Amino acid sequence: MALLIVLAVSCHKGPERIPRRQMEDIMYQILLQDQYLKLHPELRRQADTTLVYEGIFESQGFDTDDFLYSLSYYLQDPARMEKIMEKVGDRLEAEGKVVDKELKAENWRKDFLSLYSLSPDTHHLPQPVSPLDSLATVQFHKDSLFYIPHR
């Protein structure tokens, strides 16, 4: 029994440092999650941040202890942490541009389709300035017809 306890304790290495690329992914997902919770305050009150982020860490194969250990590691070198956050910022900015472009296209599509959903308003159709189909503007002279514009 004592051997099992010694093996269990010796096998547990402690928190693992998250590689830079995966740390970037985690920070990116955390910022997206924070923004989502900011936009939905009713969820923010219900969310325990450790539980919210735990799913993000697990998706990368880590846990909260690994994240806190890694965050401490990267914060010891502010230039390295700044590079990570710059990459995250660039990624968010690029994704924001794509979303903005998609929203503009969707709004254009909705505006275009709304033109066809309008029923025609015959009261506001442009009226001809000089009606050509009226006999009042046509005069008969001998063997010919000629048009006199309506005045």
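Because the structure is a prediction, the values reported are computed rather than measured.

Trainee: Just give me the short version of the overall build of the protein, but keep the residues and values in it.
Mentor: What the protein contains, in helices and strands, is six helices and two strands. Taking all 151 residues of the protein together, 15% fall into the buried category. Counting every atom, the protein has about 12,400 Å² of accessible surface; 60% of that belongs to carbon and sulfur.

Trainee: Any details on the confidence of the model for the protein? Residues and values, ideally.
Mentor: For the protein, per-residue confidence averages 77 on the pLDDT scale, and 64% of positions sit at 70 or higher. When pLDDT is averaged over each helix and strand of the protein, the minimum, 47, is found for helix α1 (residues 2-11) and the maximum, 95, for helix α5 (residues 64-75). A low-confidence stretch, residues 2-10 stays under pLDDT 50, and its non-local contacts, those more than four residues away or across chains, total zero contacts.

Trainee: So, the packing of helix α2 (residues 20-39) against α5: which residues are in play, and what are the values?
Mentor: Two numbers describe how α2 lies on α5: the axes approach to 12 Å, and their chain directions differ by 110 degrees. Here α5 runs roughly perpendicular to α2, going by the angle between their axes. Note on element contacts: α5 touches α2 through Phe67, Ser70, Leu71 and Tyr74, opposite Arg20, Met23, Ile26, Met27 and Ile30.

Trainee: Now, about a negative patch on the surface: what can you tell me, with residues and values included?
Mentor: A contiguous patch of negative charge, built from Glu16, Glu58, Asp63 and Asp65, is present on the exposed surface. Structurally, Glu58 can be placed in helix α4 (residues 49-59).

Trainee: A description of α5 should follow, citing residues and the corresponding values.
Mentor: Here α5 spans 16 Å end to end across twelve residues, near enough to the 16 Å set by a 1.5 Å rise per residue. Along α5, the residues that are buried comprise Thr64, Asp66, Phe67, Ser70 and Tyr74. Burial along α5 is one-sided: seen end-on, the buried residues are contained in an arc of 155 degrees. Regarding α5, its N-cap is Asp63, as a side-chain oxygen of that residue lies 3.1 Å from the backbone nitrogen of Asp65 further along.

Trainee: Describe the nonpolar core, and please don't skip the residues or the numbers.
Mentor: General note: in soluble globular proteins, nonpolar side chains tend to be found buried as a group. Judged by nonpolar contacts, the single largest core of 15 residues is most densely connected at Met23, Ile26, Met27, Ile30 and Phe67. Sort the elements by how many residues they give to this core and α2 lands first, with five residues. If sequence neighbours within four positions are ignored, Ile30 has contacts with Tyr53, Ile56, Phe57 and Phe67.

Trainee: Got a sec to walk through a nonpolar patch on the surface? Specific residues and values, please.
Mentor: The grouping of Trp108, Phe112, Leu113 and Leu115 at the surface amounts to a nonpolar patch, some 450 Å² of accessible area in total. With respect to the helices, strands and loops of the structure, Leu115 is situated in helix α6 (residues 78-117).

Trainee: Outline the side chain of Ser70, listing residues and values.
Mentor: Among the structural elements, Ser70 can be located in helix α5. In this structure Ser70 comes out as buried when scored by relative accessible area, which is 0%. Excluding residues within four positions of it along the chain, Ser70 makes contact with Glu16, Arg17, Ile18 and Met23.

Trainee: Summarise the packing of aromatic side chains; cite the residues concerned and give the values.
Mentor: Counting across every chain of the model gives two aromatic pairs. The interplanar angle of 20 degrees and the centroid separation of 4.6 Å between the aromatic rings of Phe57 and Phe67 together place this pair among those described as stacked. Pair noted here: Phe57 is in helix α4 and Phe67 is in helix α5, with a separation of ten residues, a long-range link. According to the relative accessible area criterion, Phe57 is buried, its value standing at 3%. Residue classification places Phe67 among the buried residues on the basis of a relative accessible area of 8%. When the ring centre of Tyr28 is taken as reference, the NZ or CZ atom of Arg91 above it lies at 3.7 Å.

Criteria and cut-off values
- Residues numbered from 1 in each chain as written.
- Predicted model: local features only at pLDDT ≥ 70, side-chain atom pairs only at ≥ 80, totals over all residues.
- Heavy atoms only, no water.
- Helix = DSSP H or I, 4+ residues; strand = E, 2+ residues; numbered from the N terminus.
- Buried < 20%, exposed > 50% of the residue type's maximum accessible area, 1.4 Å probe, protein only.
- Areas by Shrake-Rupley, 256 points an atom, 1.4 Å probe, with all protein chains shown as cover.
- pLDDT = per-residue confidence, 0-100.
- Contact = heavy atoms within 4.5 Å.
- Axes fitted to C-alpha atoms, helices over the stretch in contact; angles between N-to-C directions.
- Parallel < 35°, antiparallel > 145°, perpendicular 65-115°, else oblique.
- Patch = residues over 30% accessible without salt bridge, like charges linked within 9 Å, V, L, I, M, F, W, Y side chains within 5 Å.
- Salt bridge = Lys/Arg side-chain N within 4 Å of Asp/Glu carboxyl O.
- Lys, Arg positive; Asp, Glu negative; His and termini not counted.
- Charge placed at Lys NZ, Arg CZ, Asp CG, Glu CD.
- Expected span 1.5 Å × (residues − 1).
- Arc of directions from axis to C-beta.
- Polar contact = N/O pair within 3.5 Å; in protein donor to acceptor, adjacent residues only side chain to side chain.
- Core = buried A, V, L, I, M, F, W, Y, C linked by side-chain atoms within 4.5 Å.
- Phe/Tyr/Trp six-rings, centres within 6.5 Å; stacked < 30°, edge-to-face > 60°.
- Lys NZ or Arg CZ within 6 Å of the ring centre and 35° of its normal.

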